[in-house]
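Observations on chain architecture
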Amino acid sequence: MKLRVGVLGGTGMVGQNYIKLLVNHPWFEVNYVAASPSSAGKSYEKAVSGRWQMSTDIPENVKEIVVKTLDDIELAKEKCDFVFSALGGKLAKEYEEKYAEIGIPVISNASAHRWTSDVPMLIPEINHDHINMIPHQQKNRGWKKGFIAVKPNCSLQSYLTPLFALHEKFKIKQIILTTLQAVSGAGHPGVPSLDIYDNIVPYIGGEEEKTEEEPMKILGKFVDGKIINEKGIDISAHCNRVPVIDGHMACVSVKFENKPEREEILKIWDEFKSLPQELDLPFAPKKPIMYIDEPNRPQTRKDRDKDKGMAIVVGRLRECNVFDYRYVGLSHNTVRGAAGGGILNAELLYKKGFLN
Ligand code: NAP
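Residues numbered from 1 in each chain as written. Predicted model: local features only at pLDDT ≥ 70, side-chain atom pairs only at ≥ 80, totals over all residues. Heavy atoms only, no water.

Examining helix α1 (residues 13-21)
In terms of burial, α1 is largely enclosed, as 7 of its 9 residues are buried. Buried-residue contacts for α1 involve β1 (3-8), β2 (28-34), α2 (44-47), α3 (60-63), β3 (82-85) and α15 (335-351). (Buried < 20%, exposed > 50% of the residue type's maximum accessible area, 1.4 Å probe, protein only. Helix = DSSP H or I, 4+ residues; strand = E, 2+ residues; numbered from the N terminus. Contact = heavy atoms within 4.5 Å.)

Spelled out as structure tokens, the structure:
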């Protein structure tokens, strides 16, 4: 029997990606969708009519699901073993707690709980052990079955895993990075076409702070029921909105405490695997860090879909005139950086017994 899944905010950009990506999932099946009062009461097909953004058709098993409001929470409890939350900030803060409190595990894409101290912020290849925070969270709040686990901001995925792979051995000290972020990162309808067509916008509200701060919790150590944030890495980020549909790119310069050889970096990236690969989770990329040794790669359109859109594609590793090395990283923002990353979190939690 598959676990029955709800998607809160299932009609938006991230929600639609969940609906698409969960088709034929071996363990999970969409059984419930909640969205705003303007979608509620309509079939899913009607609710997204004229704004379905995916390149595949709406899955048959979801078309006729009647969209509910967030307040239909008792029904959600009846119909869902857990929910994905693709809600915006304020709503997420209020409702994710309500769902968890009533006994529904919540796996969230929103920023609302990323800095809540007892909520793990997961990239399963980096900090899978942070799921051990969940029993402490449940104890703190008197929750029995429900909990909240979140994934980080989509900008981080493109650069942090390659750095994590090197951090333990060579100790990262300083990072300067510039992101080139897709318009789908702003949801739908998102950035007005007249603002982004033939243009680059050098500002995305709150994004540079998230890009600089969230790695400290993710790289933190789980000790005695607490996550102790990483200290001693300085990050300076420039985040830009560029006219591509999907795929966030990051141009990264990095300084280490112990500078590695270029060949050492390439070997570590090539061999890097973590728990999701060992457990053979359905959404885990076979090779989480995929290096392309061509001078003009990665490229957004050509490389964002590598390994179901879940691989981090890296290239142009070279010496830096100011720091030690520089490289370019790319990840699919609505897959690895949003719904695919959320599904991978759920798979890890399922395998570790938190969802059943
Ligand atoms: P979006 O396209 O604007 O979708 C927002 C969703 O929230 C829609 O389903 C919308 O329903 C629903 N909603 C709005 N008001 C509501 C209400 N009063 N009650 C219930 N549902 C309501 O946004 P998005 O890009 O999917 O982002 C969703 C979340 O994921 C945000 O927290 C965002 O920061 C985060 N995130 C996004 C990305 C990305 O690449 N886009 C990546 C990582 C994280 P209606 O359709 O009925 O209006």
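Quick word on the pattern of salt bridges
Counted according to the given criterion, the structure contains 17 salt bridges. In this structure, the salt-bridge partner of Lys267 is Glu271, at a minimum N-O distance of 3.1 Å. In this pair, Lys267 and Glu271 are both assigned in helix α11 (residues 262-271), 4 residues apart and thus about one turn of the helix distant. Residue classification places Lys267 among the partly exposed residues on the basis of a relative accessible area of 49%. A salt bridge links Glu294 to Arg297, with the shortest nitrogen-to-oxygen separation between them at 3.6 Å. What makes Arg297 buried here is its relative accessible area of 13%. (Salt bridge = Lys/Arg side-chain N within 4 Å of Asp/Glu carboxyl O.)

Section: the environment of Gly41
Relative to the helices and strands, Gly41 resides in the loop between β2 and α2. Separated by 28 residues in sequence, Gly41 and Thr69 have C-alpha atoms that sit 8.3 Å apart.

Regarding the packing of α1 against α15
It is the contact of α1 with α15, at a shortest axis distance of 9 Å, that shows an interaxial angle of 50°. By the angle class used here, α1 and α15 are oblique. Of the two elements, α1 crosses α15, and the hand of that crossing is right-handed. Along its contact with α1, which presents Val14, Asn17, Tyr18 and Leu21, the element α15 presents Val335, Ala338, Ala339, Gly340, Gly342 and Ile343. Of the residues that constitute the contact of α1 with α15, the class distribution is 7 nonpolar, 3 polar and no charged. (Axes fitted to C-alpha atoms, helices over the stretch in contact; angles between N-to-C directions. Parallel < 35°, antiparallel > 145°, perpendicular 65-115°, else oblique. Left-handed = near helix turned anticlockwise from the far one by under 90°. Nonpolar A, V, L, I, M, F, W, Y, C, P; charged D, E, K, R; others polar.)

Here we look at the domain arrangement of the chain
When cut into domains, the chain gives domain 1 (3-153 + 339-351) and domain 2 (155-332). One C-alpha centre belongs to domain 1, the other to domain 2, and the line joining them spans 24 Å. Facing the 36 residues of domain 1 at the interface are 37 residues of domain 2. Taken together, the two surfaces of domain 1 and domain 2 that pack against each other cover about 3,000 Å², and 68% of this comes from carbon and sulfur. A per-residue breakdown of the area domain 1 buries against domain 2 is headed by Glu125, Ile126 and Asn153, which together make up 25% of the total. On the surface where domain 1 and domain 2 come into contact, there are 1 salt bridge. Across the pair Arg114 and Glu214 runs a salt bridge, and its minimum N-O distance is 3.0 Å. At the level of secondary structure, the elements contributing two or more residues to the side of domain 1 that touches domain 2 comprise α1, α6 (124-127) and α15. With 7 residues, the top contributor of residues to the side of domain 1 that touches domain 2 is α15. (Domains from an automatic or database assignment. Buried area = accessible area lost by both parts, 1.4 Å probe.)

A few points about the packing of helix α8 (residues 157-170) against α11
Between α8 and α11, whose axes approach to 10 Å, the crossing angle comes to 120°. By the angle class used here, α8 and α11 are oblique. Crossing of α8 over α11 shows right-handed handedness. For the pair α8 and α11, contact is made by Pro162, Ala165, Leu166, Lys169 and Phe170 and by Glu264, Ile265, Ile268 and Trp269, respectively. By residue class, the composition of the contact of α8 with α11 is 7 nonpolar, no polar and 2 charged.

Digging into the sheet that holds strand β5 (residues 148-150)
Whenever strands of a sheet pair, they do so through backbone hydrogen bonds, lying parallel or antiparallel. Taken in spatial order, the 5 strands line up as β2-β1-β3-β4-β5 in an open sheet, and their pairing is parallel. Two strands close off the open sheet at either side, each with one partner strand: β2 and β5. For this sheet, the mean inter-axis angle between neighbouring strands, taken without regard to orientation, is 25°. Direction of pairing for β1 relative to β3: parallel, over a ladder of 4 bridges. Note on β3: the bridge partner recorded for Val5 is Phe82. On top of the sheet, helix α5 (residues 89-102) reaches β1, β3, β4 (106-108) and β5; it is set at about 155° to β4, its chief contact. (Pairing = 2+ DSSP bridges.)

Some remarks on the packing of aromatic side chains
One pass over the full model with this rule turns up 12 aromatic pairs. With centroids separated by 5.1 Å and ring planes inclined at 75°, the aromatic side chains of Phe28 and Phe82 adopt a geometry described as edge-to-face. In this pair, Phe28 sits in strand β2 while Phe82 sits in strand β3, placing the two residues 54 residues apart along the sequence. You can call Phe82 buried: its relative accessible area is 0%. Arranged with centres 6.1 Å apart and planes meeting at 85°, the rings of Phe164 and Phe272 form a pair that is edge-to-face. With a gap of 108 residues between them, Phe164 in helix α8 and Phe272 in the loop between α11 and α12 (275-278) connect regions that are remote in the sequence. Following the ring pairs from residue to residue traces out a cluster consisting of Tyr18, Trp27, Phe28, Phe82, Phe84 and Tyr350. Sitting over the ring of Tyr95, Lys98 keeps its end group 4.7 Å from the ring centre. The ring of Tyr325 carries the charged tip of Lys259 above its face, separated from the ring centre by 5.3 Å. (Phe/Tyr/Trp six-rings, centres within 6.5 Å; stacked < 30°, edge-to-face > 60°. Lys NZ or Arg CZ within 6 Å of the ring centre and 35° of its normal.)

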